[in-house]
Amino acid sequence: MLRGLIRIGIRSANICRLFCYSSMPSVIPMDELKAAVAEQGAIVRKLKASQPSPDELAAAIEELKIRKLALSNAEKAATVKEPKVDRAKFENLMKRRFFYGAAFSLYGGIAGLYDLGPLGVPSKQTW
């Protein structure tokens, strides 16, 4: 593992520190992370072809796993998450603020008929 870190400089240590153990936004460009994963993957393939010692191969594979984890964490941080809206809570809020309400709600309401409140009328006029 140490030899792998020395071979690529301190980049791998920074990748692990920034992405593996925190949810910080991406500081290292995504292209650089993908290149680091590809580079380490090529190193592992070469090592497997040359039949190295098990310790050296395990260290290279562990380095590859760290880089893949850093890349996946960076990709997760880069994706825009849509806020989830709970429809029942939203409808309850709209009814409580009286954007709309069931027509004749005092008498049990009539299915499909709604009254617009003081805030519901301007919003309907803008649609």
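Scroll up a little and you will see the structure.
Within every chain, residues take consecutive numbers counted from 1 along the sequence as written. Whole-chain, interface and lining totals are the exception, using all residues; otherwise, since this is a predicted model, local features are given only for residues with pLDDT of at least 70 and side-chain atom pairs are given and counted only at 80 or more. Only heavy atoms go into the side-chain values, all of them from the structure, while hydrogens and water stay out.

(A) Representation of a nonpolar patch on the surface within the structure. To count toward a patch, a residue needs a relative accessible area above 30% and no salt bridge. Like charges then connect within 9 Å, nonpolar side chains (Val, Leu, Ile, Met, Phe, Trp, Tyr) within 5 Å. The Shrake-Rupley method, run with a 1.4 Å probe, gives the accessible areas here. Residue values count only the displayed protein chains as cover. Note on definitions: salt bridges are taken to be side-chain nitrogens of Lys or Arg within 4 Å of carboxyl oxygens of Asp or Glu. Residues Phe-104, Tyr-107, Ile-110 and Leu-113 make up a contiguous nonpolar surface patch of about 470 Å² in total accessible area. Think of it in three bands: with a 1.4 Å probe and only protein chains considered, a residue is buried below 20% of the maximum accessible area for its type, exposed above 50%, and partly exposed in between. We classify Leu-113 as partly exposed; its relative accessible area is 41%.

(B) Broad picture of the layout of surface pockets. Lining residues are those with an atom within 4 Å of a point, where the points come from a 1 Å grid over the protein atoms alone and group into cavities, where a 1.4 Å probe fits but cannot get out, or pockets, open sets with protein on both sides within 12 Å along at least five of seven lines. Grid points are joined across faces, edges and corners, and a volume is the space filled by probe spheres set on the points. Roughly 150 Å³ of internal volume is contained in the largest pocket. As for the largest pocket, its lining consists of Phe-90, Met-94, Phe-99, Tyr-100, Leu-116, Gly-120, Ser-123, Lys-124 and Trp-127. Only helix 5 (87–96) and helix 6 (120–126) provide two or more residues apiece to the lining of the largest pocket. Every helix listed is a DSSP run of H or I at least four residues long, and every strand listed is a run of E at least two residues long, numbered separately from the N terminus. Of all the elements, helix 6 adds the most residues to the lining of the largest pocket, at 3 residues. Residue classes follow a fixed rule: Ala, Val, Leu, Ile, Met, Phe, Trp, Tyr, Cys and Pro count as nonpolar, while Asp, Glu, Lys and Arg count as charged, and any other residue, Gly among them, counts as polar. For the lining of the largest pocket, a count of residues per class yields 6 nonpolar, 2 polar and 1 charged.

(C) Region of interest: the environment of Gly-117. Following the sequence through the fold, Gly-117 ends up in the loop between strand 2 (114–116) and helix 6. Using a relative accessible area of 2% as the deciding quantity, one classes Gly-117 as buried. Separated by 23 residues in sequence, Gly-117 and Met-94 place their C-alpha atoms 9.8 Å apart. Those residues within four positions of Gly-117 in sequence are excluded, and the remaining contacts are Phe-98, Phe-99 and Tyr-100. Working rule for contacts: check all heavy atoms of both residues, and any pair within 4.5 Å makes them a contact.

Nothing here speaks to function; it is all geometry.
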